Amino acid sequence: MEPVFRTLEIAVSGATKAIGTRITYYGLENIPERGGAVIAINHTSYLDWFPSALAAYQRHRRMRFMIKSEMQDIKVVNFLIKHSGTIPVDRNAGGDAYAVAVERLRAGEIVGVYPEATISRSFELKEFKSGAARMAREANVKIVPMIVWGAQRIWTKDHPRNLGRKKIPVTVAVGPPVDAVESIYETSAAMREAMNTLLLRVQQEYPHPEGAYWVPRRLGGSAPTVDEAKLLEAAEIAERARRRAERDAKSRR
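If you're wondering where the values come from, they're calculated on a predicted model, not measured in any experiment.

Brief notes about the packing of helix 5 (residues 131–139) against helix 6 (residues 184–205)
Packing of helix 5 against helix 6 leaves a shortest axis separation of 9 Å and a crossing angle of 115°. Accordingly, the angle class assigned to the pair helix 5 and helix 6 is roughly perpendicular. With respect to the hand of their crossing, helix 5 and helix 6 are arranged in right-handed fashion. For the pair helix 5 and helix 6, contact is made by Ala132, Ala133, Arg134 and Arg137 and by Ile184, Thr187, Ser188 and Met191, respectively. The class makeup of the residues in the contact of helix 5 with helix 6 is four nonpolar, two polar and two charged.

Re the side chain of Arg64
With respect to the helices, strands and loops of the structure, Arg64 is situated in strand 3 (residues 63–68). Within the structure, Arg64 has its side chain in polar contact with the side chain of Glu109 (distance 3.1 Å). What Arg64 contacts, discounting residues up to four positions off in sequence, is Glu2, Phe5, Ser84, Gly85, Arg104, Glu109, Ile110, Val111 and Gly112.

Thoughts on helix 6
The end-to-end C-alpha distance of helix 6 is 32 Å, a good match for the 32 Å that 22 residues give at a rise of 1.5 Å each. The complete set of buried residues in helix 6 reads Ile184, Thr187, Ser188, Met191, Met195, Leu198, Leu199, Val202 and Gln203. Buried residues of helix 6, seen end-on, are gathered within an arc of 130° and therefore sit on one face of the element. Turned more than 90 degrees from where helix 6 packs its buried face, Tyr185, Glu193 and Gln204 sit exposed. As for helix 6, its buried residues are in contact with strand 2 (37–41), helix 5, strand 6 (142–149) and strand 7 (169–174).

Considerations on the packing of helix 4 (residues 95–106) against helix 5
Their axes nearest at 9 Å, the elements helix 4 and helix 5 cross at an angle of 45°. When the axes of helix 4 and helix 5 are compared, the pair comes out oblique. The two elements helix 4 and helix 5 cross, and the hand of that crossing is right-handed. Across the interface between the two elements, Tyr98, Ala101, Val102, Leu105 and Arg106 from helix 4 touch Gly131, Arg134, Met135, Glu138 and Ala139 from helix 5. Classifying every residue of the contact of helix 4 with helix 5 by side-chain character gives six nonpolar, one polar and three charged.

Details of the packing of aromatic side chains
Inspection of the entire model under this criterion finds three aromatic pairs. Both rings, one in Trp49 and one in Phe50, keep their centres 6.1 Å apart while their planes meet at 75°; by these two values the pair is edge-to-face. Note on Trp49: relative accessible area 35%, which makes it partly exposed. A centroid spacing of 5.9 Å and a plane angle of 80° characterise the contact between Tyr206 and Trp214, whose relative ring orientation is edge-to-face. Here the guanidinium or amino end of Arg134 rests over the ring plane of Tyr98, the centre of that ring lying 4.6 Å away. If you follow Arg192 out to its NZ or CZ, it ends over the ring of Phe128, 5.0 Å from the centre.

About the cut-offs
- Residues numbered from 1 in each chain as written.
- Predicted model: local features only at pLDDT ≥ 70, side-chain atom pairs only at ≥ 80, totals over all residues.
- Heavy atoms only, no water.
- Axes fitted to C-alpha atoms, helices over the stretch in contact; angles between N-to-C directions.
- Helix = DSSP H or I, 4+ residues; strand = E, 2+ residues; numbered from the N terminus.
- Parallel < 35°, antiparallel > 145°, perpendicular 65-115°, else oblique.
- Left-handed = near helix turned anticlockwise from the far one by under 90°.
- Contact = heavy atoms within 4.5 Å.
- Nonpolar A, V, L, I, M, F, W, Y, C, P; charged D, E, K, R; others polar.
- Polar contact = N/O pair within 3.5 Å; in protein donor to acceptor, adjacent residues only side chain to side chain.
- Expected span 1.5 Å × (residues − 1).
- Buried < 20%, exposed > 50% of the residue type's maximum accessible area, 1.4 Å probe, protein only.
- Arc of directions from axis to C-beta.
- Phe/Tyr/Trp six-rings, centres within 6.5 Å; stacked < 30°, edge-to-face > 60°.
- Lys NZ or Arg CZ within 6 Å of the ring centre and 35° of its normal.

The structure is reproduced here in structure tokens:
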């Protein structure tokens, strides 16, 4: 029954209705009713997980997400991680999480993965990591492409949270499963093409105000271009490393 997960399902569904978020789903039939699958999700927001989880919920499935292990430092979140089958990933040593994910897939679970690893500031697809393709091949399951669009308006990097009853529309589109072939490169390329096709289709039907920060530059928004976003991310990583070195130096004194 998983009482904690069930409580989460009820709470998230209720909160979505309370704040007026309107989620439109396309292609839910592509989420398998049973058996393992890697659900490959684009990453534009800190809240991508909740529309994704609710999409799986429509199919009576529970998605096991892979998230960064730092979230375990928050007591409440750590409790939820332990009781919801979430898979923490140590960015410096992700082998253990990878093995757990493959085990869950073989056991017939669906595992939510962000191939981009971190939030895309440009709101375009970033370069993909190989984990999603590798685990699908090793577990002998398919990859289901999923696009979440609109959640970046609620909470994303470099911008204030836009919570409350704003009735912000969110779209979740699910595409036909992609086979995990022997070549990791070919699998990743097929997954990326499927996700990009979905992304473009969703964007065509979603209104994008001129100059809005959450709208990609090619659609008339003011979001960073892909190249500009890479520079911002590099600066962020460098600053994170500087702070870590500073903390380590203080602890050695």
